[in-house]
Amino acid sequence: MQKIAVFPGSFDPFTKGHENVISRGLPLFDRIYIAIGYNSEKKSFFTLDQRLKMIGKLYQNEPKIIVDHYEELTVDYCKKIGAQYLLRGLRTAADFEYERAIAQINRKMNPDVETVFILAVPEYTPVNSTIIREILKYGGDVSQFLPDDMIIED
Ligand code: ADP
């Protein structure tokens, strides 16, 4: 059976930290869906379309990666596409507390989906989409925090 994982997130924007989780997740799974959790009531910095394009272009030559979005419970999305794993990254103790609750609740809702955590590498631990959005808002240069091959969509 194919091992299918979902890496869910806002990816607003997708950073070097996310890229590192994906590159370390790739040998573990046959397919990874990078799935943007879309919430029409939540305002984002990059539109859904921009995020889909930016991440899609980054992985256009990686056949194991599918870039998608969903607007439902993450476990329902996993069921729909046949994923048995949820991939998440852990940076700090704060991430751990947040992720622990989500993973335990998701497991209650669907015990067939196992959450797998990848610990951030030290150099990317401070890389955080919220801080990057703040820098972008004031016109700062965020290129060192974004994947080298990523092109920002206007
Ligand atoms: P969410 O809105 O679900 O928190 P994010 O896009 O911020 O989504 O992050 C998606 C996942 O990537 C989360 O599990 C988050 O902890 C992880 N992540 C974010 N930044 C990093 C990083 N620098 N290193 C490792 N994991 C990260």
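Below: a short report on this structure. Everything numeric here is computed off the predicted structure, so don't read it as measured data.

### A look at the nonpolar core
Piece 1. Of all hydrophobic cores here, the largest spans 26 residues; its most connected members are Phe 7, Phe 14, Ile 22, Ile 32, Ile 34 and Tyr 59.
Piece 2. Put simply, the parts of the chain that give this core at least two residues each are strand S1 (4-9), helix H1 (16-25), strand S2 (31-37), helix H2 (48-58) and helix H5 (129-137).
Piece 3. Residue contributions to this core peak at four residues, all from H2.
Piece 4. Core analysis: the next-biggest nonpolar cluster, separate from the first, contains 11 residues, Ile 4, Tyr 70, Cys 78 and Ala 83 among them.

### A short note on the pattern of salt bridges
Piece 1. If you walk through the whole model with that rule in mind, you get 10 salt bridges.
Piece 2. In this structure, Glu 153 and Lys 57 form a salt bridge, with 2.7 Å as the shortest nitrogen-oxygen distance. In this pair, Glu 153 is assigned in the segment after H5 and Lys 57 in helix H2, connecting sequence segments 96 residues apart.
Piece 3. Take Glu 153: its relative accessible area is 16%, and that puts it in the buried class.
Piece 4. Close ionic contact of Glu 114 with Arg 107 constitutes a salt bridge, the shortest N to O distance being 3.7 Å.

### Points about the environment of Val 67
Piece 1. Locating Val 67 in the fold gives a position in strand S3 (residues 65-70).
Piece 2. C-alpha separation for the pair Val 67 and Gly 56, spaced 11 residues apart in sequence, amounts to 5.8 Å.
Piece 3. Among all residues touching Val 67, those that are not within four sequence positions of it are Ile 34, Leu 52, Ile 55 and Gly 56.

About the thresholds
Residues numbered from 1 in each chain as written. Predicted model: local features only at pLDDT ≥ 70, side-chain atom pairs only at ≥ 80, totals over all residues. Heavy atoms only, no water. Core = buried A, V, L, I, M, F, W, Y, C linked by side-chain atoms within 4.5 Å. Buried < 20%, exposed > 50% of the residue type's maximum accessible area, 1.4 Å probe, protein only. Helix = DSSP H or I, 4+ residues; strand = E, 2+ residues; numbered from the N terminus. Salt bridge = Lys/Arg side-chain N within 4 Å of Asp/Glu carboxyl O. Contact = heavy atoms within 4.5 Å.

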